[in-house]
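# Observations on the model geometry
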Amino acid sequence: VGVRPSETPVRRFALTPTGAAALVVDAQSIDIAITSDGKRIVYKGASAAGPHLFVRPLDQLEPTPLVIGGGGAPRAPFLSPDGQWVGYVDIAPLALRKVAITGGPSLEVCPLDAPSRGATWGSDDTVVFATASPLTGLQRVAAGGGHVTVLTKPDRAGGESDHLFPQFLPGNQA
């Protein structure tokens, strides 16, 4: 007798809020992230008060503001492997920051040397990120903050222009 595999529920949704909760995407960042369990999305919206990050559980219709711009400009959300933290880029001042997905104060992870070109959070609790700096490719920092390590530098003589938008692969080995 064969065992029938468990069925994975199909989820369909539309991201159609208006006003401050409307999705805003720019050409310099990836402004939407989905938790690894597929239950929530985090994205950038904008209003007259400035950019916001929103979190929307997929079993609800309305998003909740997570980070309100004010003096900063949150963008490019990325998630901790357990889905409990949202990392993001703030452009005023230019830094990687994190906030609990349930809300609360945000914490600086590290300042950035140039505008962000992507970030990813590994299961080893480090963040690998890229910036537009011509001197670095990929960099790494502990998710709790600390010293930034340069991991790669583009080989300009070999035709590389930059290393952008890193993503940890399953197993965190690449």
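Reading the values: rules and limits
- Residues numbered from 1 in each chain as written.
- Predicted model: local features only at pLDDT ≥ 70, side-chain atom pairs only at ≥ 80, totals over all residues.
- Heavy atoms only, no water.
- Helix = DSSP H or I, 4+ residues; strand = E, 2+ residues; numbered from the N terminus.
- Buried < 20%, exposed > 50% of the residue type's maximum accessible area, 1.4 Å probe, protein only.
- Polar contact = N/O pair within 3.5 Å; in protein donor to acceptor, adjacent residues only side chain to side chain.
- Contact = heavy atoms within 4.5 Å.
- pLDDT = per-residue confidence, 0-100.
- Pairing = 2+ DSSP bridges.
- Axes fitted to C-alpha atoms, helices over the stretch in contact; angles between N-to-C directions.
- Phe/Tyr/Trp six-rings, centres within 6.5 Å; stacked < 30°, edge-to-face > 60°.
- Lys NZ or Arg CZ within 6 Å of the ring centre and 35° of its normal.

For H163, the position within the fold is in the segment after β12 (149–150). By relative accessible area, which is 17% here, H163 ends up buried. At a separation of 2.7 Å, a polar atom in the side chain of H163 contacts the side chain of T152. Here the side chain of H163 touches E160 through a polar contact of 2.8 Å, side chain to side chain. Apart from residues no more than four positions distant in its own chain, H163 is found in contact with A130, G137, L138, T152, K153 and P154.

Here we take up the confidence of the model for the protein. Scored by pLDDT, the protein has a mean of 86; 88% of the residues are at 70 or more. Confidence, read as mean pLDDT per element, is least for strand β4 (residues 64–68) in the protein (83) and greatest for strand β11 (residues 138–142) (97).

Paired through backbone hydrogen bonds, the strands of a sheet run either parallel or antiparallel to each other. Spatially, the four strands line up as an open sheet ordered β5-β6-β7-β8, and their pairing is antiparallel. Edge positions in the open sheet fall to β5 (74–79) and β8 (107–111), since each of these has one partner strand only. Pairwise comparison of adjacent strand axes, ignoring direction, gives a mean angle of 25° for this sheet. As defined by bridge partners, strand β7 (residues 94–100) adjoins β8 across four bridges and the pair is classed as antiparallel. Each bridged residue has a counterpart across the sheet, and for R97 the counterpart in β8 is E108.

Spatially, the four strands line up as an open sheet ordered β9-β10-β11-β12, and their pairing is antiparallel. A single partner strand is all that each edge strand has here, and the edge strands are β9 (116–121) and β12. Both β9 and strand β10 (residues 126–131) contribute to a ladder of four bridges, which runs antiparallel. Of the residues in β10, the one forming a bridge with T120 is V128.

Turning our eyes to something else, we now look at the packing of aromatic side chains. Enumeration over the complete set of coordinates arrives at two aromatic pairs. Plain terms: the ring middles of F78 and W121 are 6.2 Å apart, the flat faces sit at 55° to each other, and that makes the pair tilted. Taken together, the residues F78 in strand β5 and W121 in strand β9 connect sequence positions 43 residues apart. Positioned above the aromatic ring of W85, the side-chain terminus of K98 is 4.7 Å from the ring centre.

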